[in-house]
Amino acid sequence: MAPYIGTATSRVDGRAKVTGEAKYAGEFKAPDLAYGFVIESTVPKGRITHIDAGEALRVEGVIDVLTHKNRPRMAGTDKAWKDDVAPEEGSPFRPLYGDSIKFSGQPIALVLAEEWEIARYAASLVRIEYEEQAFVTDLYQQRDQAFAVAKPDKPHGDAGRAFMAAAVRHEAEYFIPTEHHNPMELFASTAIWDGDGKLTVYDKTQGVQNVQRYLCSVFEKKPDEVRVMSPFVGGAFGLGLRPQYQVVLAMLGALALQRSVRLVLTRGQMYGLGHRPATIERLALGAKADGTLDSVSHEAIAVTSQFEEFSRNDTGWAALLYKSANAKYVHRLARLDVPTSCDMRAPGAATGVYALESAMDELAVALKLDPIELRLRCYSDRDQNEDVPYTSKQLRECYRQGAETFGWGKRNPEPRSMRDGSELVGWGMASGVWEALQMPAAARIVLTANGHAEVFCAASDIGTGTYTILAQVAADALGLPIENINVKLGDSTLPQAPVEGGSWMAASASHAVVATADEVRKELLTLASTIKGSPLGKTSLEDTTLVGGQIVSKRDTSLAISIADVMRHGAIDRIEKEKTNSFPEDSEHARNTHSAVFAEVKVDEQLGVIRVTRIVNAVAAGRILNAKTAHSQVMGGVVWGIGMALHEETLFDHRFGRVMNANIAEYHVPVNADVHEITVIFVDEPDKIINPMGIKGLGEIGIVGVAAAIANAVYHATGKRVRDLPITLDKLHRSA
Ligand code: MOS
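Every value quoted in this text rests on a predicted model; they were computed, and no experiment measured them. (Residues numbered from 1 in each chain as written. Predicted model: local features only at pLDDT ≥ 70, side-chain atom pairs only at ≥ 80, totals over all residues. Heavy atoms only, no water.)

Observations regarding the overall build of the protein chain
Looking only at helices and strands, one finds 17 helices and 33 strands in the protein chain. Its C-alpha radius of gyration of 27 Å places the protein chain within 12% of the 27 Å reference for a compact globule of 736 residues. Based on the C-alpha atoms only, the size of the protein chain along its principal axes is roughly 85 × 75 × 50 Å. Within the protein chain, buried positions represent 62% of all 736 residues. Residue pairs at least 24 apart in sequence account for 80% of intrachain contacts in the protein chain once pairs closer than 6 positions are excluded. Surface exposure of the protein chain reaches about 28000 Å², of which carbon and sulfur atoms provide 50%. For the protein chain, the separation between the mean place of its 79 positive charges and that of its 93 negative charges on side chains is 2 Å. (Helix = DSSP H or I, 4+ residues; strand = E, 2+ residues; numbered from the N terminus. Rg over C-alpha atoms; globule rule 2.2 N^0.38 Å. Buried < 20%, exposed > 50% of the residue type's maximum accessible area, 1.4 Å probe, protein only. Contact = heavy atoms within 4.5 Å. Areas by Shrake-Rupley, 256 points an atom, 1.4 Å probe, with all protein chains shown as cover. Lys, Arg positive; Asp, Glu negative; His and termini not counted. Charge placed at Lys NZ, Arg CZ, Asp CG, Glu CD.)

This is the structure in structure tokens:
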């Protein structure tokens, strides 16, 4: 019985969100609230030689200006600054720690005032002098200095030799520019001074416990002195995985003033945070005359900072998708004078698969093969990195159902062959692949005699729908109406949860809730069995289930006792249990989600304006917990893929080492006018191996492959191949 799991249940927090009742990190109040404003470095590298805050301090309402000279104490070791998901190599950034400048946009002073406007105005009066040093912010200038990092992808065969011997070859370089995070909610923290050195910190984060441990470590606090909360998050997409500097500065300010401090970054200041690294991707594909792959080489050169080595897996996705006897993967990092790059939705795959699937399209053209046919000929039922089968892989069905829904059969393969009035029409497709991970997580359930339950977990719902799916899972596991379930998330004092990322939270937290509900049922049965003449006296735990507010025998549903009766007999009014999920070790299978993306573009032949008129994304992601929130996740990923293909690009002026378009007027993201028809298909994918509920997660798969499908459609429409993103009309004309 699963009346809720799988249904299109509306968000349980939807009402709170649309009425404004849901509070975000920058909205919490305290009677003594002070406001911070950050002053950023205007040079990318060097040293601060002088800070003159005199004039700022004379402004009425200014309380203090904190700099590296006068701030409260912070820890002095790299280890103390390493959060749970920091890169292994390097020294994490420490805001306001010393006089050294590592990137343009680095916070170098914090103005604290009675009002935000006063703090902002006073910030404009602080005079800063620098000793500037030579810097580099251009990846192409540093590519020859890039160094290789160890990656899990295993080479096999001799890719170089096989490439030279291949009947048909394709070799090209693709480029993905720096992209910055632009979630609706600005990065913000409110540090509430609870007195006696204790603080409650409301933070925009994907992991309250990660931030809590980090703040305790940086400020040398005991665990019970800092509580971190993020009940609601207005989108985060990877930038909230690591603690960002505003949470350090909000707490620093609160410690300095011994009062509450709110710090909200401006949109422009968020361009001084992490970003999707600019990446050069080199692909070399060799095929036999029969149209099967024989050689894959994938090299990525990605940006990291001078002080940390951030990298994700760009290469090696081919080994999950396609058979090839020979393959080689290299990942290099180029150091630039910029902040450390970071995760952004499907990190590594969004970029690497864009390049791979563009290259596969080019190979299909060279082979004169339909692009789906090429992918089917190379289809791999095994992960060739580890040489293991998948827990499930319904990618063939994704191709089939996606193609059918899209109408792919009506495609004329010839470029520039399809038209709609003055517009060229192009149809392109690509595969997508992502990981299906699961992590340790715990949940606490408090069930009361009136048939209501509260579910607690530290996990943050970053907009994905965690509140809703956990309410559904708990309602089904406890046999209660969903209205009787209250889910509490985003509080570091709650049962342990990993950061919400990597698409692993749905599987991780759902299994924690089910494991805990099992404990609740066990307690109910124990109590029920002690009742004289109990109908469940001889029933084993495995033979019971919770349905309709009762504990019921699965063999004979007439054998049942209500939760209320059980508790009354046990003289209790609540049962409280906490349990951590557990997943069996399994190194015998690969765990992945897959997709097939189909795109239609219409290109104005004179102007080169590209419209993405249709996208069909067919996704195989195991069991879908909520048809509505799942659809929204994939749709959001598709929209971002449109942005990646056509709009998003952080532009640097390399002469000054600065971002030129640090705002959402000039940094383009897709708007309503850019988004037309999006069809999301969930291919049925039962998976009994991956975990008991068959959940794979789908926060990230929705973006993977979208940019490639669009780029391939643009080629089909125009006959022009633009290999550096975003595909803007000037590039379309230039590559004529
Ligand atoms: Mo996701 S990039 O793991 O928030």
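Some details on the pairing of strand β15 (residues 279-287)
Burial analysis of β15 places 8 of its 9 residues in the buried class, which makes it a mostly covered element. As defined by bridge partners, strand β8 (residues 168-176) adjoins β15 across 9 bridges and the pair is classed as antiparallel. Residue Ile176 lies in a different strand from β15, and its bridge partner there is Thr279. For β15 and strand β16 (residues 293-304), the ladder comprises 9 bridges, and the chain directions are antiparallel. Among the inter-strand pairings, Arg282 is bridged to a residue of β16, identified as Glu299. Hairpin connection between β15 and β16: a loop of 5 residues separates the two successive antiparallel strands, and Gly291 in this loop has a positive phi of roughly 80°. (Pairing = 2+ DSSP bridges.)

A word on the packing of aromatic side chains
Where two aromatic rings form a pair, the distance of their centres and the angle of their planes describe that pair. Taken as a whole, this structure holds 18 aromatic pairs when the rule is applied. Ring centres of Phe37 and Trp116 lie 5.7 Å apart, and the angle between their planes is 65°; this geometry places the pair in the edge-to-face category. Highlighted residues: Phe37 in strand β1 (residues 34-40) and Trp116 in helix α3 (residues 116-123), separated in sequence by 79 residues. Centroid distance Phe93 to Phe307: 6.3 Å. Interplanar angle 40°. Geometry classified as tilted. Of the two residues, Phe93 is situated in the loop between β3 (62-66) and β4 (100-101) and Phe307 in the loop between β16 and α8 (318-321); the sequence distance between them amounts to 214 residues. On the basis of relative accessibility, which here comes to 16%, the residue Phe93 falls in the buried class. Residue Phe307 is classed as buried on the basis of its relative accessible area, which comes to 11%. Among the aromatic residues, ring-to-ring pairing joins Phe406, Trp408, Trp427 and Phe598 into one connected group. The ring of Tyr97 has Arg71 lying over it, and the distance from NZ or CZ to the ring centre is 4.7 Å. Lying over the aromatic face of Phe163, Arg169 brings its terminal NZ or CZ to 5.6 Å of the ring centre. (Phe/Tyr/Trp six-rings, centres within 6.5 Å; stacked < 30°, edge-to-face > 60°. Lys NZ or Arg CZ within 6 Å of the ring centre and 35° of its normal.)

Focus on the packing of helix α6 (residues 208-218) against helix α7 (residues 245-257)
Interaxial distance between α6 and α7 falls to 11 Å at its minimum, and their mutual angle equals 50°. Accordingly, the angle class assigned to the pair α6 and α7 is oblique. In this structure, α6 crosses over α7, and the sense of that crossing is right-handed. For the pair α6 and α7, contact is made by Val211, Tyr214 and Leu215 and by Val247, Val248 and Met251, respectively. A per-class count over the contact of α6 with α7 returns 6 nonpolar, no polar and no charged. (Axes fitted to C-alpha atoms, helices over the stretch in contact; angles between N-to-C directions. Parallel < 35°, antiparallel > 145°, perpendicular 65-115°, else oblique. Left-handed = near helix turned anticlockwise from the far one by under 90°. Nonpolar A, V, L, I, M, F, W, Y, C, P; charged D, E, K, R; others polar.)

Section: unusual backbone geometry
Backbone torsion omega between Leu725 and Pro726 reads -10°, so that peptide bond is classified as cis. Tracing the backbone shows Pro726 in the loop between α16 (706-718) and α17 (729-734). In this structure, Phe237 is a non-glycine residue whose phi angle is positive, near 65°.

Details of the sheet that holds strand β22 (residues 442-448)
In a beta sheet, neighbouring strands pair by backbone hydrogen bonds and run either parallel or antiparallel. Here 4 strands make up an open sheet; going across it, the order is β24-β23-β22-β28 and the pairing mixed. Every other strand in the sheet has two partners, leaving β24 (485-488) and β28 (574-580) as the edge strands with one partner each. Across the sheet, the mean angle separating the axes of adjacent strands is 15° when strand polarity is ignored. Here β22 pairs with strand β23 (residues 453-456) via 4 bridges, running antiparallel. Bridge pairing links Ile445 to Val455 in β23. Contacting β22, β23 and β28, helix α13 (residues 505-529) crosses the sheet at an angle of about 140° to β28.

Thoughts on the state of the cysteines
Evaluation of the coordinates by the stated rule reveals 0 disulfides. Free cysteine: Cys457, not disulfide-bonded; nearest cysteine sulfur from Cys216 at 19 Å. For Cys457, a relative accessible area of 1% translates into the label buried. (Disulfide = S-S within 2.5 Å.)

A look at the nonpolar core
Judged by nonpolar contacts, the single largest core of 100 residues is most densely connected at Val201, Leu215, Phe219, Leu478, Ile485 and Leu524. The contacts of Leu524, once residues within four sequence positions are left out, are Leu447, Leu546, Ile551, Ile563, Val566 and Ile575. With 96 residues, the next largest nonpolar core counts Ile176, Tyr329, Ala359 and Leu646 among its residues. (Core = buried A, V, L, I, M, F, W, Y, C linked by side-chain atoms within 4.5 Å.)

Topic: the environment of Asn691
You can see Asn691 is positioned in the loop between β33 (677-682) and α16. Here the alpha-carbon distance between Asn691 and Val455, two residues 236 residues apart in the chain, equals 21 Å. Asn691 has contacts with Gln438, Ala507, His511 and Phe583, leaving out every residue within four places of it along the chain. A polar contact of 3.5 Å, which involves the side chain of Asn691, links it to the side chain of His511. (Polar contact = N/O pair within 3.5 Å; in protein donor to acceptor, adjacent residues only side chain to side chain.)

Here's the deal with the environment of Gly90
For Gly90, the location among the structural elements is in the loop between β3 and β4. Distance from Gly90 to Glu585, taken between C-alpha atoms, is 31 Å for residues 495 residues apart in sequence. Apart from the residues lying within four places of it in its own chain, the contact partners of Gly90 are Asp78, Lys82, Phe307 and Glu308.

Some details on the packing of helix α12 (residues 466-478) against α13
Viewed as axis vectors pointing N to C, α12 and α13 meet at an angle of 30°, and their least axial separation amounts to 9 Å. When the axis of α12 is compared with that of α13, the two are roughly parallel. When you trace α12 past α13, the crossing you get is right-handed. Residue-level inspection shows Thr466, Ile469, Leu470, Val473, Ala474, Ala477 and Leu478 of α12 in contact with α13, the latter providing Met505, Ala506, Ala509, Ser510, Val513, Val514, Ala517 and Val520. Residues of the contact of α12 with α13, tallied by class, amount to 13 nonpolar, 2 polar and no charged.

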